[in-house]
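Residues per chain, in single letters:
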Amino acid sequence: MLRNSQHLSSEPPHVVPLQSLVKYILIASLLSSAIVLLLAGFGALLGMDRLIRLDSQIQQIFYLHSQSRLSLLPYTSFITALGSFKISALAAAGFSLLCFAQRRPGSTIYGYLICASFAMMWILNTLLKEIFRRSRPELDHLLAVHGYSYPSGHSMISMGFYGMLFVIWAVECKKQDLPGKWLPVFCGIMFILLIGLSRIMLGVHYPTDVFAGFAAGFVWILCMIQAIKRSVS
């Protein structure tokens, strides 16, 4: 009995089974979708005319419509490319493989959550866009785009997927008591905001598209943080 108890006590104490992670992922998917639906309902209550006026007012502040602002186009295009499917897929593959290669229980959980965050953000965004089928802004698009507008896929992936990477960075800084614990938070906020803002600057999304994408990704992140708390000591 003593040997058995010693063996059990030597196991990692905070490792959540894969089945529990699946539950977190399912709950996060439902809540992320629900917040997009709720925001759409709130917009309908406000009225489309009022919503479009609000979108237009914000767009005029950031849209690269003048010759002087067009000098920012190369930088804006580079930032927005970081939120594309190809670049985020490469990032997901690279970081998840790095986590799995470490062969530690905590790192393995990170790998699963990175893969799930990438996959579910794009899957949910595709499904939600098919539900709402909102047309793109009636502006000159400064970048070739396809598909519908609401919610913004780049905003969802920047918050839900890239945000997951910054959360993992912050958790590891806290675990290892490293200096600059707020650096991941600051870098994450700036990175996410810039990708979302770039979509408005390029005229390919309404501000409300970006806000809804951020909201969906943020709800996802909150659920994934709970999964990390349960799985990583």
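Residues numbered from 1 in each chain as written. Predicted model: local features only at pLDDT ≥ 70, side-chain atom pairs only at ≥ 80, totals over all residues. Heavy atoms only, no water.

**Some points on the overall build of the protein**
For the protein, the count of helices and strands is nine helices and zero strands. Overall, the protein shows an N-to-C arrangement of helices and strands of α-α-α-α-α-α-α-α-α. Dimensions of the protein, computed from the C-alpha atoms along their principal axes, are close to 75 × 35 × 25 Å. Per-residue burial for the protein yields a buried fraction of 42% across its 233 residues. Long-range contacts, defined here as pairs at least 24 residues apart, represent 79% of the contacts in the protein between residues at least 6 apart. Total accessible area on the protein stands at roughly 13,000 Å², and carbon and sulfur atoms take up 70% of it. (Helix = DSSP H or I, 4+ residues; strand = E, 2+ residues; numbered from the N terminus. Buried < 20%, exposed > 50% of the residue type's maximum accessible area, 1.4 Å probe, protein only. Contact = heavy atoms within 4.5 Å. Areas by Shrake-Rupley, 256 points an atom, 1.4 Å probe, with all protein chains shown as cover.)

**A few points about helix 2 (residues 18-46)**
Taking 1.5 Å of rise per residue, the 29 residues of helix 2 would be expected to cover 42 Å, and the 42 Å separating its terminal C-alpha atoms lies within 8% of that figure. Within helix 2, burial applies to Leu 21, Tyr 24, Ile 25, Ala 28, Ser 29, Ser 32, Ser 33, Val 36 and Gly 43. Just downstream of helix 2 lies Gly 47, where phi reads positive at about 105°. (Expected span 1.5 Å × (residues − 1).)

**So, the environment of Phe 161**
Tracing the chain through its elements places Phe 161 in helix 7 (residues 153-175). Residue classification places Phe 161 among the buried positions, given a relative accessible area of 0%. Not counting chain neighbours up to four residues away, the residues in contact with Phe 161 comprise Ser 88, Ala 91, Ala 92, Ile 114, Ser 117, Phe 118, Met 121 and Met 156.

**Quick word on the confidence of the model for the protein**
Summary statistics for the protein give a mean pLDDT of 87 and a share of 91% for residues scoring 70 or more. Here helix 1 (residues 2-9) is the element of the protein with the lowest mean pLDDT, 40, and helix 8 (residues 183-201) is the one with the highest, 94. Counting contacts from residues 1-15, a segment whose pLDDT is below 50, to residues more than four positions away or on other chains yields eight contacts. (pLDDT = per-residue confidence, 0-100.)

**Remarks on the packing of aromatic side chains**
By the definition in use, this model includes nine aromatic pairs. Taking the centre distance of 4.9 Å and the plane angle of 55° together, the rings of Phe 161 and Tyr 162 count as tilted. Judged by centre distance (5.8 Å) and plane angle (50°), the ring pair of Phe 166 and Phe 191 falls under tilted. On the criterion of sequence distance, the pair formed by Phe 166 in helix 7 and Phe 191 in helix 8 is long-range, its members being 25 residues apart. (Phe/Tyr/Trp six-rings, centres within 6.5 Å; stacked < 30°, edge-to-face > 60°.)

**Some points on the nonpolar core**
Leu 113, Ile 114, Phe 161, Met 164, Trp 220, Met 224 and Ile 228 are the most contacted members of the largest nonpolar core, which has 37 residues in total. Secondary structure elements with two or more residues in this core: helix 2, helix 5 (85-101), helix 6 (105-132), helix 7 and helix 9 (207-231). At eleven residues, the largest contribution of residues to this core is made by helix 6. Every residue in contact with Met 164, bar those within four places of it in the chain, is listed here: Leu 113, Ser 117, Met 159, Ile 221, Met 224 and Ile 228. Within the second largest apolar cluster, five residues are counted, among which are Met 159, Ile 200, Val 210 and Phe 214. (Core = buried A, V, L, I, M, F, W, Y, C linked by side-chain atoms within 4.5 Å.)

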